[in-house]
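These are the residues of each chain, in order.
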Amino acid sequence: MAAYRVPPIPGSEITPKSVYLRRRELMGLAAGGLALTASPSLAAPLTSKPSAYTVDEKLTPKDSVTSYNNFYEFGLDKDSPKALSGDFKPLPWTIKVDGLVSKPQTLDVEAMLKDYTIEERVYRMRCVEAWSMVIPWNGIPLAAVIDKVEPLGSAKYVAFETVVRPEEMPGQNGYFQSLEWPYIEGLRMDEARHPLTLLAVGLYGETLPNQNGAPIRLVVPWKYGFKGIKSIVRISFVEEQPKNTWALTAPSEYGFYANVNPEVDHPRWSQASERRIGEGGFFSEARRPTLPFNGYADQVASLYAGMDLKVNF
Ligand code: MTE
């Protein structure tokens, strides 16, 4: 894999030099007359049915959900994905579903929007960088898609892959590459089949903006946000535990499981508390305690019975 050249997922207090340089580059582009407008992805309304899998908490404003993002394919700064994803074409879109299944398929996302019942689910989302949001997602339970392809008994894990399109994704293009592409992630089969695990196709009742992972991304609310791989083009059923981008990039800092855990600190910062984006100013935000499994312990703790969560972080 490519050499690891920047601090991965920089702590919110740090502005790495690369980001600072990128910002200057953007300012130069703007000064040169290139319009740096918000991503023009065409948001289409979605019909969804409400779901019991919903938390009763104040929603993070849509503007924050769609302008404070991690999507390194579009740059490292929180506002880069919105500013630089305008050329990305989320449709048409297909996902290759292959590996240890009886019925491998190529899924067409526009057909999926018609074929599946879209649910609205309000989930907490906790980034490994110690910020959080409450997001109304629209999506399809991953289990419903898994059932259609009939995994074989030998399929123990599910591996996911993001699209590679350097011509539309400036972070995959040029001299500086922050990660090795494609961005990859994985889940254990029982995690993938868990009813909370969602393939999100929208938020706030509309199709996903490019910066949030259009047209389809994973949401696993009890895990750190980096498990929520965006703009998925491949889902493979495999026997061995798949690699995942951040564990490959910095294995001492990020693991495969990535369950939200206030008792296991990141080597460079505490995970005991978090700041909720959009509440108060950046410096005045009160920190709230982080909950085990991000508040979903009742639903998911049993999946990890007997496991040492400090070892399997
Ligand atoms: N998926 C891809 N392909 N590339 C990324 O850089 N960042 C991850 C995750 N999925 C990322 C990704 C991280 S670190 C987080 S916290 C969430 O996306 C952020 O999702 P959001 O921008 O919709 O809040």
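Structure: above.
Fair warning: this is a prediction, and the values are worked out from it, not measured in the lab. (Residues numbered from 1 in each chain as written. Predicted model: local features only at pLDDT ≥ 70, side-chain atom pairs only at ≥ 80, totals over all residues. Heavy atoms only, no water.)

Could you clarify how one ought to interpret the overall build of the protein in this entry?
Of the regular secondary structure elements, the protein holds eight helices and 13 strands. Buried positions account for 53% of the 313 residues belonging to the protein. Taking all contacts inside the protein whose residues are at least 6 apart in sequence as the whole, residues at least 24 apart take part in 73%. Here the protein displays about 13,900 Å² of accessible surface, and carbon together with sulfur accounts for 56% of that area. (Helix = DSSP H or I, 4+ residues; strand = E, 2+ residues; numbered from the N terminus. Buried < 20%, exposed > 50% of the residue type's maximum accessible area, 1.4 Å probe, protein only. Contact = heavy atoms within 4.5 Å. Areas by Shrake-Rupley, 256 points an atom, 1.4 Å probe, with all protein chains shown as cover.)

Where do I start with helix α5 (residues 142–149) in this structure?
For the α-helix, the turn length of 3.6 residues means that residues three or four positions removed from each other point alike. Of the residues making up α5, those classed as buried are L142, A143, V145, I146 and V149. Down the axis of α5, the buried set is contained in an arc of 160 degrees. They therefore lie on one face. (Arc of directions from axis to C-beta.)

Explanation requested: the environment of V311 in the structure shown.
Its place among the elements puts V311 in the segment after α8 (297–300). V311 gets classed as exposed once you look at its relative accessible area, which sits at 56%. Sequence separation between V311 and V264 is 47 residues; the distance between their C-alpha atoms is 9.5 Å.

Would you mind going over the side chain of T249 with me for this structure?
For T249, the location among the structural elements is in helix α7 (residues 245–249). Its relative accessible area of 10% is what places T249 among the buried residues. A distance of 2.6 Å separates a polar side-chain atom of T249 from the backbone oxygen of T245. (Polar contact = N/O pair within 3.5 Å; in protein donor to acceptor, adjacent residues only side chain to side chain.)

Looking at this structure, I do not really get the sheet that holds strand β11 (residues 232–238). What am I missing?
Strands in a sheet are paired, the pairing made by backbone hydrogen bonds, and the direction either parallel or antiparallel. Taken together, five strands build an open sheet; the order of strands is β3-β2-β11-β6-β7 and the sheet is mixed. Two strands bound the open sheet, and with one partner strand each, they are β3 (105–108) and β7 (184–188). The sheet shows a mean angle of 20 degrees between the axes of neighbouring strands, direction not considered. Judged from the four bridges that link them, strand β2 (residues 94–99) and β3 form a sheet pairing that is antiparallel. Bridge pairing links K96 to T106 in β3. Along the sheet face, α5 touches β2, β3, β6 (157–162), β7 and β11 and points at about 140 degrees away from the line of β3. (Pairing = 2+ DSSP bridges. Axes fitted to C-alpha atoms, helices over the stretch in contact; angles between N-to-C directions.)

How do you make sense of the site of the ligand when you look at a structure like this?
Around the ligand, the surrounding shell holds 17 residues, and the nearest of these are N69, Y72, E73, M125 and K230. With respect to the ligand, the backbone of Y72 contributes an N or O atom lying 2.8 Å from an oxygen atom. Within the side chain of R217, an N or O atom sits 3.0 Å from an oxygen atom of the ligand. When isolated, the ligand has an accessible area of 530 Å², and the protein chains bury 100% of it. A class-by-class count of the residues in the shell around the ligand yields eight nonpolar, six polar and three charged. (Near = heavy atom within 4 Å. Nonpolar A, V, L, I, M, F, W, Y, C, P; charged D, E, K, R; others polar.)

Would you mind showing me how to read the side chain of K230 here?
Assignment of secondary structure puts K230 in the loop between β10 (217–219) and β11. One buried charged residue, K230, forms no salt bridge at all, with the nearest opposite charge on E73 at 7.5 Å. At a separation of 2.8 Å, a polar atom in the side chain of K230 contacts the main-chain carbonyl oxygen of N70. Not counting chain neighbours up to four residues away, the residues in contact with K230 comprise N69, N70, F71, T162, Q211, N212, G213, I216 and R217. (Lys, Arg positive; Asp, Glu negative; His and termini not counted. Salt bridge = Lys/Arg side-chain N within 4 Å of Asp/Glu carboxyl O.)

Could you clarify how one ought to interpret the pairing of β6 in this entry?
One face of the sheet, then the other: side chains in a regular strand alternate in exactly this way. β6 sits mainly inside the fold: five of its six residues count as buried. Two elements, β6 and β11, share six bridges in a ladder whose sense is antiparallel. Bridge pairing in β11 links Y157 to V238.

What's the story with the packing of aromatic side chains in this structure? I'm lost.
Here a ring pair, both rings aromatic, is described through the centre-centre distance and the interplanar angle of the planes. All chains considered together, the criterion is met by 12 aromatic pairs. Their ring planes at 85 degrees and their centres at 5.1 Å tell us that Y68 and W131 sit as a pair that is edge-to-face. Taken together, the positions of Y68 in the loop between α2 (62–65) and α3 (80–84) and W131 in strand β5 (residues 131–141) put the pair 63 residues apart, joining distant regions of the chain. Taking the centre distance of 5.5 Å and the plane angle of 85 degrees together, the rings of Y72 and W246 count as edge-to-face. Residue Y72 is found in the loop between α2 and α3, and its partner W246 is found in helix α7; the two are separated by 174 residues along the sequence. With a relative accessible area of 6%, Y72 lands in the buried category. Taken together, the aromatic side chains of Y157, F256, Y257, F293 and Y304 make up a single cluster linked through ring pairs. A cation over a ring is seen here: R124 above Y296, with NZ or CZ 4.9 Å from the ring centre. (Phe/Tyr/Trp six-rings, centres within 6.5 Å; stacked < 30°, edge-to-face > 60°. Lys NZ or Arg CZ within 6 Å of the ring centre and 35° of its normal.)

I would appreciate a short explanation of the pattern of salt bridges in the present structure.
Side chains that carry opposite charge are capable of pairing whenever their charged atoms lie near each other. One pass over the full model with this rule turns up 19 salt bridges. Residue D98 is joined to K96 by a salt bridge in which the shortest nitrogen-to-oxygen separation is 3.8 Å. Judged by relative accessible area, which is 46%, K96 ranks as partly exposed. Measuring nitrogen to oxygen at the nearest pair gives 3.8 Å for the salt bridge that ties R276 to E274. Among the residues examined, R276 registers a relative accessible area of 4% and is labelled buried. Residues participating in the shared-partner salt-bridge network are E57, R124, R126, E274 and R276.

None of the figures reported here should be taken as evidence of function without further support.
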